[in-house]
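Coordinate inspection notes
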Amino acid sequence: RSVAPTFLDASRRPFPRGIRVPRAPFAVRGIREAARGTTVRGARTMAAAAPPLCAWLVAAGAHADFGADEHRQTQCLDAGSGATFGLDRRPLGVRRRGSARSGMAVSVALQPERVIVEKKRPDVKQRRVVVTGMGVVTPLGHDPDVFYNNLLDGHSGISEIETFDCSKFPTRIAGEIKSFSTEGWVVPKLSKRMDKFMLYLITAGKKALENGGLTEEVRNDLDKTRCGVLIGSAMGGMKVFNDAIEALRVSYRKMNPFCVPFATTNMGSAILAMDLGWMGPNYSISTACATSNFCILNAANHIRRGEADVMLCGGSDAPLIPIGLGGFVACRALSQRNSDPTKASRPWDMDRDGFVMGEGAGVLVLEELEHAKQRGATIYAEFLGGSFTCDAYHMTEPHPEGTGITLCIEKALADSGVAREEINYVNAHATSTQSGDLKEYEAIVRCFGQNPQLRVNSTKSMTGHLIGAAGGIEAVACIQAIRTGWVHPNLNLENPEKVVGCGRFSWSREGEVRSKGGAVKLIWIRLVE
């Protein structure tokens, strides 16, 4: 699966009322966040649970919209597993002779009434979504500005793993977070029980609120029924679950009673929502590397459809435990450049030998434009749109022709109303794998090959691959590029693949160069006043 949300540049001040924001330039994040694998059991469970929920929603909707009028008429025609709505001249409550007396959900609207309901729906095109807050927990810092300055200066967050003894593993390096504290963000009682992915999620989420000026006093004035949390995780609570398995070897009595809920991917969003009292959309999405982008796009759509005014969204993962490292080693997917960790992640370089694992969280505050302006929020960027696609080809390998990636880019541009000529920066997925890097690059060239202003880089060259959190922290990097006009370097691209046009990469040092890191100044980006 691929997801490509698009952001429009914006100033640090609220948009002036009545002034149209220019539609250039843009930055696209997540050209290919490939979600790998499907849990069949989970899919079957969802399918089994869906019918009653859908039936209840239909019935409740019909009751709410049409129950007040005694003369409204309905009809439900059985059509296999679905229902067809039509007209019937019988009054509500009169049963047709011979019809079933029980076991059938009857809840249908007349066509004229449906038109009235549609008119009440908010106009999606008029509800604009902006970014008003950012929060990160990364190997390169836990503040958006510190994080991005380290990227600009070319600092690598990849080092030897210290959390556990990995001397027997062929890979002993990762983008590991060395220093992290939950003090002031998570209550001590919970912090001792929670998995790291939840601690990273809650901390980054609350930091995003603080960064967005959503203090407790401001939050008390919000309509909490229109505020939601949608922060996902690819791996979930691996450490909590693994510890429970080890305890079970002794006795079930030794197991952490929270091992099941704290291992599920949605519990981080749930705990954060309970802490904030936010009663809007609350769930998580788990689509491997695409997790954050799926969450960001779905959160934005909740706002666009008028279902929420404020959404916390992004991703979090903490896979750096023996079973996590061992699983990827078994897949032969990881770099083994243990002697020089900072050189291990090298997207598009001919000497790359696999990706480097990382951990952390990246969270955005998305907000409806008028809502943000009304409270005087700082607006960092505008979210314009995105797309969901699937290669439908292989569990890990990209499609040979990159069709899924290309389709995702084209659909994202169409949803955003942006011409491909207006895109001048792509923060690529590029994980430092043999086939993935090249197929993504080819898709980018196929879509933007005629754009001489395009610049491409990979944040993973310095952070490693944060799995479900990758899209979250890279969305922050993308927005920071828009805010500052600086694009960070692509480290370790010393021997580029022959098909790769190096002029497109920030390492080429075209334009102004910031320090020895090789960051490129994007002189054509204009911030909105």
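The model shown is predicted, which means the values in this text are computed figures rather than measured ones.

**Regarding the pattern of salt bridges**
- One pass over the structure, following the stated rule, counts 20 salt bridges.
- Of the charged contacts, one joins Glu-494 and Lys-343 as a salt bridge, the two residues approaching to 2.9 Å between their closest N and O atoms. Here Lys-343 lies in the loop between helix H10 (322–330) and strand E11 (360–368) and Glu-494 lies in the loop between strand E16 (486–487) and strand E17 (513–514), a separation of 151 residues in the sequence.
- Given the relative accessible area of 29%, Lys-343 is considered partly exposed.
- Here the salt bridges do not stand alone but share partners, grouping Lys-343, Arg-346, Asp-349 and Glu-494 into one network.

**So, the packing of helix H3 (residues 144–152) against helix H15 (residues 470–484)**
- Two elements in contact, H3 and H15, have axes separated by 10 Å at closest approach and are oriented at 80°. Put simply, H3 runs roughly perpendicular to H15. Contacts between H3 and H15 involve Pro-144, Asp-145, Phe-147, Tyr-148 and Leu-151 from the first element and Ile-473, Val-476, Ala-477, Gln-480, Ala-481, Arg-483 and Thr-484 from the second.
- Residue composition of the contact of H3 with H15, grouped by class: eight nonpolar, two polar and two charged.

**Quick notes on the nonpolar core**
- Val-131, Phe-147, Leu-364 and Leu-366 are the most contacted members of the largest nonpolar core, which totals 41 residues.
- Looking at this core, the elements with two or more residues in it are strand E6 (129–137), H3, helix H9 (291–304), strand E10 (310–317), E11, strand E12 (381–385), H15 and E16.
- Contacts of Phe-147, omitting those with residues within four sequence positions, involve Val-136, Thr-138, Leu-140, Gly-141, Thr-459, Thr-463, Ile-473, Val-476 and Ala-477.
- Formed by 36 residues, the second largest nonpolar core is a distinct cluster that contains Met-194, Leu-222, Cys-259 and Ala-273.

**Considering the confidence of the model for the chain**
- Summing up the model confidence of the chain, the mean pLDDT is 79 and the portion of residues at 70 or higher is 71%.
- Counting contacts from residues 9–119, a segment whose pLDDT is below 50, to residues more than four positions away or on other chains yields 192 contacts.
- Scored below 50 in pLDDT, residues 520–529 shows 38 contacts in the model against residues more than four places distant or in partner chains.

**A few points about unusual backbone geometry**
- For Trp-348, which is not glycine, the phi torsion reads 70° and is therefore positive.
- Mapped onto the elements, Trp-348 comes out in the loop between H10 and E11.
- A positive phi angle, near 85°, is found at Ser-432, a position not held by glycine.
- Topologically, Ser-432 is positioned in the loop between strand E14 (423–427) and helix H13 (434–448).

**So, the environment of Arg-128**
- Note on placement: Arg-128 falls in the loop between helix H2 (111–120) and E6.
- The spatial distance from the C-alpha of Arg-128 to the C-alpha of Glu-367 is 8.4 Å, given a sequence separation of 239 residues.
- In this structure the side chain of Arg-128 is engaged in a polar contact, spanning 2.9 Å, whose partner is the side chain of Glu-382.

**Re the side chain of His-302**
- Along the polypeptide, His-302 turns up in helix H9.
- The exposure class assigned to His-302 is buried, which follows from its relative accessible area of 9%.
- When neighbours within four sequence positions are excluded, His-302 is seen to be in contact with Leu-230, Pro-281, Tyr-283, Glu-307, Ala-308 and Met-311.

How each quantity is defined
Residues numbered from 1 in each chain as written. Predicted model: local features only at pLDDT ≥ 70, side-chain atom pairs only at ≥ 80, totals over all residues. Heavy atoms only, no water. Salt bridge = Lys/Arg side-chain N within 4 Å of Asp/Glu carboxyl O. Helix = DSSP H or I, 4+ residues; strand = E, 2+ residues; numbered from the N terminus. Buried < 20%, exposed > 50% of the residue type's maximum accessible area, 1.4 Å probe, protein only. Axes fitted to C-alpha atoms, helices over the stretch in contact; angles between N-to-C directions. Parallel < 35°, antiparallel > 145°, perpendicular 65-115°, else oblique. Contact = heavy atoms within 4.5 Å. Nonpolar A, V, L, I, M, F, W, Y, C, P; charged D, E, K, R; others polar. Core = buried A, V, L, I, M, F, W, Y, C linked by side-chain atoms within 4.5 Å. pLDDT = per-residue confidence, 0-100. Polar contact = N/O pair within 3.5 Å; in protein donor to acceptor, adjacent residues only side chain to side chain.

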